[in-house]
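Per-entry structural report
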Amino acid sequence: MFGTLFIGCAAYAANPVADEKIAVAKASLARAEQSGAPQSAPVELASARDKLARAEAANQDRDGKTATALAEQANIDAQVAEATAVQQRSHAAAVEFDASMQALRAESMRATSAVSAPAVAPAPGTLPAPATSGASQ
Amino acid sequence: MNIGLSSALGLGLVVIVAACASTPVPNAALENARSAVYTTEADPNVGQYAAVDLAAAKQDLAAAEAAALNHDYDVASQDAYLASQSARLAQLHAQAKADDAHVAAGKVERDKIQLAARNLEVQQAQAAQAQADAKQAQLQAEADALKAKQQH
């Protein structure tokens, strides 16, 4: 019973800056978990979870400086995990779109040349290729 | 003797450095952050689509460099890490937005191709109709001529 009281007091006395950074990191982590990061960026996500847990432990130990630093790192790691998932989705969509465009162009060229009318459709390759995604796979 | 002197000096230096800094200089972290920020800055997509993220990364790097100059190596290490990750964030955001823009531009082209294909179909249908009408008129004329011949 006294133990509970002590933990309650410790939580109450915790560093407000660390508390805020931990809350921000938690929100970023929740967003990342809902954005497909568990599949796209499991390593970054695991790092964010681990750092958040250590931040909370440090905060419990009243080590506000360590808690703040770890929470900041957990926050940016979670953001990177989320951005990785978003980037991979966008890239896959661009690749798929390009494939469908290529099919459409080929079909339109066939239809146009069948009538031997002047080409109406723009030639393939008039648009730049999708951005290369090298940063994270 | 020379070697003995220089190694003694070296050892002294190590002792002094170790005494001055409880945390080692985060050279690797700083170098990482510098190269991450410079690479990100050179990416044209970042300038166009993730300028805010890049600014955050540069700010973190500047803070890390300043802390290192002040021998505040804990802060330098932390800010260097944040700078590296902010730079990655800038690159990821820029790539995603560039791909989205590529698809958006492609959709305009796709609509043009589809419109052209529909116009072509209409033209073909109209041509076929005109041909059928002409044929019909010709047959009618022939039938009329035959009828006229029979009556006379």
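Residues numbered from 1 in each chain as written. Chains lettered and ligands numbered in written order. Predicted model: local features only at pLDDT ≥ 70, side-chain atom pairs only at ≥ 80, totals over all residues. Heavy atoms only, no water.

**Some points on the overall build of chain B**
Of the regular secondary structure elements, chain B holds 5 helices and 0 strands. Along chain B, helices and strands appear, N-terminal first, in the series α-α-α-α-α. When each of the 152 residues of chain B is scored for burial, the buried share is 28%. Sequence-distant contacts in chain B: of pairs separated by 6 or more residues, those separated by 24 or more amount to 74%. Counting only carbon and sulfur atoms, one obtains 60% of the accessible surface of chain B, whose full area is about 9800 Å². (Helix = DSSP H or I, 4+ residues; strand = E, 2+ residues; numbered from the N terminus. Buried < 20%, exposed > 50% of the residue type's maximum accessible area, 1.4 Å probe, protein only. Contact = heavy atoms within 4.5 Å. Areas by Shrake-Rupley, 256 points an atom, 1.4 Å probe, with all protein chains shown as cover.)

**Points about the packing of helix H2 (residues 16-34) of chain A against helix H4 (residues 42-60) of chain A**
Residue and element names in this part refer to chain A. Across the interface, H2 lies against H4 with an axial gap of 10 Å and an inter-helix angle of 155°. Between H2 and H4, the angle falls in the class roughly antiparallel. For H2 against H4, the interelement crossing comes out left-handed. Along the contact surface, H2 presents Ala18, Asp19, Ile22, Ala25, Lys26, Leu29, Ala32 and Glu33, while H4 presents Leu45, Ala48, Arg49, Leu52, Ala55, Glu56 and Asn59. (Axes fitted to C-alpha atoms, helices over the stretch in contact; angles between N-to-C directions. Parallel < 35°, antiparallel > 145°, perpendicular 65-115°, else oblique. Left-handed = near helix turned anticlockwise from the far one by under 90°.)

**As for the confidence of the model for chain B**
All names here are of chain B. For chain B, the average pLDDT comes to 88, and 86% of its residues sit at 70 or higher. Averaged pLDDT values over the elements of chain B bottom out at 52 in helix H1 (residues 2-20) and peak at 97 in helix H4 (residues 51-69). This model gives residues 13-21 a pLDDT under 50, and the stretch forms 1 contact once residues within four places in sequence are excluded. Interface confidence for the predicted complex, expressed as ipTM, amounts to 0.73; the pTM equals 0.72. (pLDDT = per-residue confidence, 0-100.)

**Describing the confidence of the model for chain A**
Residue and element names in this part refer to chain A. Scored by pLDDT, chain A comes out at a mean of 83, with 73% of its residues at no less than 70. Low pLDDT (under 50) marks residues 5-11, which in the prediction has 3 contacts with non-local residues, meaning those over four places away or in another chain. Across residues 133-137, where pLDDT falls below 50, the model places 12 contacts with residues more than four positions away in sequence or in other chains.

**Notes on H4(A)**
All names here are of chain A. Between its first and last C-alpha atoms H4 spans 27 Å; for 19 residues at 1.5 Å apiece the expected length is 27 Å, and the two agree. Regarding H4, the residues found buried are Glu44, Leu45, Ala48, Lys51, Leu52, Ala55, Ala58 and Asn59. Taken down its axis, H4 places every buried residue within 150° of arc, on the same side. Immediately beyond the C-terminal end of H4, within one or two residues, lies arginine 62, with a positive phi of roughly 60°. (Expected span 1.5 Å × (residues − 1). Arc of directions from axis to C-beta.)

**Looking at the packing of H4(B) against helix H5 (residues 73-151) of chain B**
Residues and elements named next belong to chain B. At a minimum axis separation of 8 Å, H4 and H5 run at an interaxial angle of 165°. By the angle class used here, H4 and H5 are roughly antiparallel. In this structure, H4 meets H5 at a crossing whose hand is left-handed. Facing H4, whose interface residues are Asp53, Leu54, Ala56, Ala57, Asp60, Leu61, Ala63, Ala64, Ala67 and Ala68, H5 presents Tyr73, Val75, Ala76, Asp79, Ala80, Leu82, Ala83, Ser86, Ala87, Leu89, Ala90 and His93. Split into classes, the residues belonging to the contact of H4 with H5 amount to 17 nonpolar, 2 polar and 3 charged. (Nonpolar A, V, L, I, M, F, W, Y, C, P; charged D, E, K, R; others polar.)

**Structural notes on the pattern of salt bridges**
Pairs may arise between side chains of opposite charge once their charged atoms sit close together. All names here are of chain B. Counted under the stated rule, the structure contains 12 salt bridges over all chains. Of the charged contacts, one joins glutamate 65 and arginine 34 as a salt bridge, the two residues approaching to 2.7 Å between their closest N and O atoms. Pair noted here: glutamate 65 is in helix H4 and arginine 34 is in helix H2 (residues 27-42), with a separation of 31 residues, a long-range link. Judged by relative accessible area, arginine 34 falls into the partly exposed class, the value being 23%. One connected set of salt bridges, linked through shared partners, spans Glu31, Arg34 and Glu65. (Salt bridge = Lys/Arg side-chain N within 4 Å of Asp/Glu carboxyl O.)

**Some thoughts on the nonpolar core**
A:Leu29, A:Ala32, A:Ala37, A:Leu45, A:Leu52 and A:Ala81 are the most contacted members of the largest nonpolar core, which has 16 residues in total. Contributing elements (two or more residues each) for this core: H2, H4 and helix H5 (64-115) of chain A. When residues in this core are grouped by element, the largest group, 6 residues, is from H5(A). Among residues more than four places away in sequence, those in contact with A:Ala32 are A:Ala37, A:Pro38, A:Leu45, A:Ala78, A:Ala81 and A:Glu82. Counting 13 residues, the second largest nonpolar core, distinct from the first, contains B:Ala57, B:Leu61, B:Ala76 and B:Ala80. (Core = buried A, V, L, I, M, F, W, Y, C linked by side-chain atoms within 4.5 Å.)

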